[in-house]
Amino acid sequence: MASNPAAPEAPSVPSQRSSETEDGTFPTFGFLGRRIDEGPWEEWNPTADSTRPVRGRHRVSKQRGGGLARSSTVLGVGVIAAVGAGGMATAQTGKPPVSISIPDLPSVGSPFTDDDSDNEPQGSATALSSVGVTTEETEQGASDAGEALRARIILQAEQQKDQAEAKVQKAAQDAAAKKAAAEAAKVKQEAAEKAAAAKKKAAEAAEAKREAARLAELAKEYTLPVSSYTITSTFGQAGSLWSSGYHTGLDFAAPTGTPLKAIHSGTVTEAGWSGSYGYRTIITLDDGTELWYAHQSSINVSVGQKVGTGDVIGRVGATGNVTGAHLHLEVHTSSSDRAGIDPMAWLRSMGLNP
C-alpha cells in the first residue's frame, strides 16, 4: 500500500524556556538554553512550493493499446489518489476497514511516476476481449475460420457446377425433345402422304373401274371397221407420201374386197369419188362426229341412209393416192379442223382397242 511522503523539516528556531510575559521576558521551549547548532532563528511561513511532496506529482499513466480499464482498477486508483492528497485514510467509526488491492493488469501502467516525461510504462496492446486466450486457441479459431471459408467456397463451386450440369442437361433434353418432335412430325407427314397416295390410288382404281365399265357398255354400241387388218400408218406420221407433209388418219391394211362396217349408228352424208381419197363414204354420228372411209373398192350405201353399228357400208380397195389396198380412216369432230383428230385415241375412248 502506498503512504504519504514525509513533510519537510522546519528551519531552526531559538530554543526558549518560557513564553514572553508582560515584563518583557521571552518564553523558553525545550532545552534550557539556545543551542549553537540550531542556527539563526527566523519565522517560517509555509507556501505551496515548500509543502510540495518530495517525490513529485501523482500521475496516473494513460492506458494504451485499446483495452478498457476494469472497474476495480479505477476504484483502486481513486482511493490511492485520495490517500496521497489527504494523508492516511481511515475507516469511519463502526465499519470494518476495506482492503484495497490493485491487480496486475497488462493494459494498466503504474499509477505514479517521478517525472513529467512520457517515458512511463505503456499499456498492453492486447484487447481485453483476447485476454486469457492462448496461442493454440487463437490458431484453432483461425483454422476453424479458414475451414469454414474453404467449405463455403467448395459449396459455391459445387452449386455452380450443378447449375452448369443442369443447364447442359436441360439443353440436351430440349434438343432431344425437338428432334423427337421433328421425327414425329416427319413420320406423321409421311403417314399422311402415304394415306393420301393410297387414297388417290384407290380413287384412280375406282375411276378406272368405272371407265372400264363405261367402255364395256360403249363397246356394245361401237365396233372396229374391219375384222382382220394390220396397222401400217398412224395419225401425224411425217412423210413425202402425203400432200400435207404428214398422215392425217389411221391405215388398216387388208386384202381388197374385205367388208367395211359402220363403227356406230349414224347417217350417210357422203358416198362417191373424192380425188386423192378415191371412193369415200362419210357417216355422221348423232353428236356431229364425222367418220371418213377412203380408198374403197366399192360403196354399198347412199347419202341420207341411216346405218347401225356393224352394218357393211363398202369394201376395202386401193383407189386414189395409195401404194396398196387398205382402209384410210379419219375422224373429224365439230371442234377439230380439216385435219381432224387421232382416230386411234378416239376409238379407244369408245372402248375399242385397234
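Residues numbered from 1 in each chain as written. Predicted model: local features only at pLDDT ≥ 70, side-chain atom pairs only at ≥ 80, totals over all residues. Heavy atoms only, no water.

Peer 1: An account of the pattern of salt bridges is requested, with residue identities and associated values reported.
Peer 2: Considering all chains together, one arrives at 5 salt bridges under this definition. For the salt bridge of Arg-214 with Glu-211, the shortest nitrogen-to-oxygen distance reads 2.4 Å. In this pair, Arg-214 and Glu-211 both sit in helix α2 (residues 135-219), 3 residues apart, roughly one turn of the helix. Note on Arg-214: relative accessible area 38%, which makes it partly exposed. (Salt bridge = Lys/Arg side-chain N within 4 Å of Asp/Glu carboxyl O. Helix = DSSP H or I, 4+ residues; strand = E, 2+ residues; numbered from the N terminus. Buried < 20%, exposed > 50% of the residue type's maximum accessible area, 1.4 Å probe, protein only.)

Peer 1: Describe the pairing of strand β6 (residues 290-299), with residues and values.
Peer 2: Bridge analysis of strand β5 (residues 279-284) against β6 gives 5 bridges, and the strand direction is antiparallel. Each bridged residue has a counterpart across the sheet, and for Ile-282 the counterpart in β6 is Trp-292. Here β5 folds back onto β6, and the loop between the two strands holds 5 residues, one of which, Gly-288, carries a positive phi near 95°. Pairing geometry for β6 and strand β9 (residues 326-332), over 5 bridges, is antiparallel. The partner of Leu-291 across the bridge, within β9, is Val-331. Alignment of β6 against strand β8 (residues 312-316), held across 3 bridges, turns out to be antiparallel. Along β8, the bridge assignment pairs Gln-296 with Val-316. (Pairing = 2+ DSSP bridges.)

Peer 1: Residue-level account of the nonpolar core, with values.
Peer 2: With 28 residues, the main nonpolar core has Ile-263, Ile-283, Ile-313, Trp-346 and Leu-347 as its most contacted residues. Looking at this core, the elements that each hand over two or more residues are α2, β2 (250-253), β6, β8, β9 and α3 (343-349). Setting aside residues no more than four positions away along its own chain, Leu-347 makes contact with Leu-224, Leu-250, Phe-252, Ile-263, Leu-329, Leu-352 and Pro-354. (Core = buried A, V, L, I, M, F, W, Y, C linked by side-chain atoms within 4.5 Å. Contact = heavy atoms within 4.5 Å.)

Peer 1: Please set out unusual backbone geometry residue by residue, giving values where relevant.
Peer 2: Outside of glycine, negative phi angles account for most residues, and trans bonds account for most peptide bonds. A positive phi is found at His-295, a non-glycine position, where the angle reads about 70°. As for its position among the elements, His-295 is in strand β6.

Peer 1: Summarise the pairing of β8; cite the residues concerned and give the values.
Peer 2: Pairing of strand β3 (residues 259-261) with β8 involves 3 bridges; the strand directions are antiparallel. If you follow Pro-259 over to β8, its bridge partner there is Arg-315.

Peer 1: An account of the packing of aromatic side chains is needed here, citing residue identities and associated values.
Peer 2: Two measures describe an aromatic ring pair: the distance that separates the ring centres and the angle between the ring planes. Within this structure, the stated rule accounts for 4 aromatic pairs. When the ring of Tyr-222 is compared with that of Trp-346, the centres are 6.0 Å apart and the planes differ by 80°; the resulting orientation is edge-to-face. Placement of Tyr-222 in the loop between α2 and β1 (230-233) and of Trp-346 in helix α3 is noted, with a sequence separation of 124 residues between them. The pair Tyr-222 / Trp-346 is uniform in exposure class, with both members buried. A centroid spacing of 5.9 Å and a plane angle of 90° characterise the contact between Tyr-277 and Trp-292, whose relative ring orientation is edge-to-face. Here the residue Tyr-277 occupies a position in the loop between β4 (266-273) and β5, and Trp-292 occupies one in strand β6, the gap between them amounting to 15 residues. With relative accessibility at 3%, the residue Trp-292 sits in the buried group. Over the ring of Tyr-277 we find Arg-280; its NZ or CZ atom is 5.0 Å from the centre of that ring. Looking at Arg-280, its charged tip hangs above the ring of Trp-292, at a distance of 4.6 Å from the centre. (Phe/Tyr/Trp six-rings, centres within 6.5 Å; stacked < 30°, edge-to-face > 60°. Lys NZ or Arg CZ within 6 Å of the ring centre and 35° of its normal.)

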